[in-house]
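Tertiary structure, described
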Amino acid sequence: MTDLTPEQEAMKAAYIQARGYWKPWTEGLLRLSPNFLNAYARYAGHPAASGPLSPVMCELIYVALDGSGTHLFLSGLTLHMRLALECGATPLQVMEVLHLATMQGLDGVAMGLEVLVEELEAAGQPLPPQAPEHRALREAYEARFGDWPDFCDRMLRLDPAYFAVMLDLLLCREAGEGLDERSRALISVALAACFTELDRNATRLHIRRAIRLGATREELLQVLQMTAHLGVHACSVGVPALMAVTG
């Protein structure tokens, strides 16, 4: 490969300073399309430069997005785990992010239940009423989350045993320095709103919870902006492939 021009060297230095890393795909992008790399660096750097979230919170959000079952991007996950720990995150906090990403699987259950209930009602099979002995399960959920989504009501009526084990998993926490509730809500917003998930109902639920927990408009806006950054993984995979096929 040819040496970088002074302009390219300056772009590389600015990217590393802003993002904290340099990878083979960014090197390839710098050589193949430096204008795009420069524009992307400004675009991706804007939320961190102008938003209020701490560096460690930004890295934990990237851990959630890369580790999500809707994305599963291992190299990014490893990178942002390392950066999160370097910024001061604890291993337990990283683990709790993965816990939240695991619970993202319930979004599919919630969507499916909505359709199932509609079709059952159309077929003349309405939901059974909530049994009095299951009231404690609802109260435990409301005490923890401060709301009662339609999904929970439907599940408690249809399968209270499943709701009970689901609630146990949602409430499961380890002793130690984990995530605070506001951080958990912001990370959940990112998981629901990301374009690999696009769950409108879950996004609204977690935004509402985050606001109730004191999250600001600026924090929520930054979270939503950061979800778009997964799109660059088309380059992180595609640029090395292009360089390989072009020699």
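Right above here is the structure, for reference.
Residues numbered from 1 in each chain as written. Predicted model: local features only at pLDDT ≥ 70, side-chain atom pairs only at ≥ 80, totals over all residues. Heavy atoms only, no water.

What follows concerns the overall build of the protein chain. Helix and strand content of the protein chain: 14 helices and zero strands. Going from N to C terminus, the protein chain has its helices and strands arranged as α-α-α-α-α-α-α-α-α-α-α-α-α-α. In terms of overall dimensions, the protein chain has C-alpha extents of about 75 × 40 × 30 Å along its principal axes. The 247 residues of the protein chain split such that 43% are buried. Considering only contacts in the protein chain between residues 6 or more positions apart, those separated by 24 or more positions represent 71%. Counting only carbon and sulfur atoms, one obtains 60% of the accessible surface of the protein chain, whose full area is about 13,000 Å². (Helix = DSSP H or I, 4+ residues; strand = E, 2+ residues; numbered from the N terminus. Buried < 20%, exposed > 50% of the residue type's maximum accessible area, 1.4 Å probe, protein only. Contact = heavy atoms within 4.5 Å. Areas by Shrake-Rupley, 256 points an atom, 1.4 Å probe, with all protein chains shown as cover.)

Where helix H2 (residues 24–32) contacts helix H3 (residues 34–50), the two axes come as close as 5 Å, and the packing angle between them is 125 degrees. Here H3 runs oblique to H2, going by the angle between their axes. Here H2 contributes Thr26, Leu29, Leu30, Arg31 and Leu32 to the contact with H3, which in turn contributes Pro34, Phe36 and Leu37. Across the contact of H2 with H3, the residue classes tally to six nonpolar, one polar and one charged. (Axes fitted to C-alpha atoms, helices over the stretch in contact; angles between N-to-C directions. Parallel < 35°, antiparallel > 145°, perpendicular 65-115°, else oblique. Nonpolar A, V, L, I, M, F, W, Y, C, P; charged D, E, K, R; others polar.)

Tallied over the entire structure, the rule returns seven aromatic pairs. For the ring pair Tyr141 and Trp148, a centre distance of 5.6 Å and an interplane angle of 80 degrees mean the geometry is edge-to-face. We note that Tyr141, like Trp148, is buried. Members of the aromatic cluster, joined through ring pairs, are Tyr141, Phe145, Trp148 and Phe163. (Phe/Tyr/Trp six-rings, centres within 6.5 Å; stacked < 30°, edge-to-face > 60°.)

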